[in-house]
Amino acid sequence: MSWKDNNGVNEPPFIKLYLEDLGKLTNLTSVQRLVFDMLMKYASYGNEIIISKRLKEIILKSTGVAEGSFKNALSVLVKKNLICKGNKRSIYYIHPDLAYKGKVIDRAKLIIKYSALGERESIRLEVEEKK
């Protein structure tokens, strides 16, 4: 089921940002921020980003970032723990404490998966207690 406004227009794609950790983005250079923003835009539900040759071309063309700068930005984003590498080549995940695209219930599963992929900092897992 998808949401529609009063004019019947479908809800635009979105990603939920968590303000508590948004400050981590202020320490990025303009190129790193551009790359991160594009990664969020093209992330699938579950925060997965598959950086195919085509997606890399789209990002480079739309941002004006050079390929070397793009690769460097990816490395910095991993080092700063804003994204992590997946188990397969060219797959990355956005840190689910920072932003999440998908169902709230599935976020907890990604937090556990993200931790298993090499999380260096602790991740908060907030579970609502049943009353």
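Just so you know, these numbers come straight off a predicted model, no measurement behind them.

A. Broad picture of the nonpolar core. Within the largest apolar cluster, 25 residues are counted, with the highest numbers of intra-cluster contacts made by F36, L39, F70, L77, I83 and I94. Those elements giving two or more residues to this core turn out to be α1 (30–42), α2 (53–63), α3 (67–79) and β4 (91–94). Here F70 is in contact with V35, I51, K56, I59, L60 and V65, once residues within four sequence places are set aside. One finds C84, Y93, L110 and Y114 within the second-largest nonpolar core, a separate group that totals six residues.

B. Highlighting the packing of α1 against α2. Two elements in contact, α1 and α2, have axes whose closest approach is 11 Å; the angle formed by their N-to-C orientations is 130 degrees. If you check the angle between α1 and α2, you find them oblique. The handedness of the crossing between α1 and α2 comes out as right-handed. Contacts from L34, M38, L39 and Y42 in α1 reach L55, I58, I59, S62 and T63 in α2. Of the residues in the contact of α1 with α2, the class split is seven nonpolar, two polar and no charged.

C. Region of interest: unusual backbone geometry. Although it is not a glycine, N81 adopts a positive phi angle of roughly 65 degrees. N81 gets classed as buried once you look at its relative accessible area, which sits at 4%. Look at S90: it is not a glycine, yet its phi comes out positive at around 70 degrees.

D. Expanded view of the sheet that holds β4. Strands sit in the order β2-β4-β3 across an open sheet of three strands; the sheet is antiparallel. With one partner strand each, in any of the chains shown, β2 (48–50) and β3 (83–85) form the two edges of the open sheet. Averaged over all pairs of adjacent strands, the angle between their axes in this sheet comes to 30 degrees, without regard to strand direction. Looking at chain direction, β3 and β4 are connected through three bridges and run antiparallel. Its bridge partner being in β4, C84 is matched across the sheet by Y93.

E. Representation of α1 within the structure. Over its 13 residues, α1 extends 19 Å from the first C-alpha to the last, a length consistent with the 18 Å expected when each residue adds 1.5 Å. Taken together, the buried positions of α1 are occupied by Q32, V35, F36, M38, L39 and M40.

F. The arrangement of the confidence of the model for the protein chain in detail. Chain-level statistics for the protein chain give a pLDDT mean of 79 and a share of 73% at 70 or above. Counting interchain partners and residues more than four positions distant, the pLDDT-below-50 stretch residues 120–131 has 18 contacts.

G. Representation of α3 in the model. End to end, α3 covers 18 Å across 13 residues, agreeing with the expected 18 Å (1.5 Å per residue, within 8%). Among the residues making up α3, those that are buried are F70, A73, L74, V76, L77 and V78. The inward-facing, buried residues of α3 contact α1, α2, β3 and β4. At the exit of α3 stands N81, carrying a positive phi of roughly 65 degrees.

Parameters and conventions
- Residues numbered from 1 in each chain as written.
- Predicted model: local features only at pLDDT ≥ 70, side-chain atom pairs only at ≥ 80, totals over all residues.
- Heavy atoms only, no water.
- Core = buried A, V, L, I, M, F, W, Y, C linked by side-chain atoms within 4.5 Å.
- Buried < 20%, exposed > 50% of the residue type's maximum accessible area, 1.4 Å probe, protein only.
- Helix = DSSP H or I, 4+ residues; strand = E, 2+ residues; numbered from the N terminus.
- Contact = heavy atoms within 4.5 Å.
- Axes fitted to C-alpha atoms, helices over the stretch in contact; angles between N-to-C directions.
- Parallel < 35°, antiparallel > 145°, perpendicular 65-115°, else oblique.
- Left-handed = near helix turned anticlockwise from the far one by under 90°.
- Nonpolar A, V, L, I, M, F, W, Y, C, P; charged D, E, K, R; others polar.
- Pairing = 2+ DSSP bridges.
- Expected span 1.5 Å × (residues − 1).
- pLDDT = per-residue confidence, 0-100.

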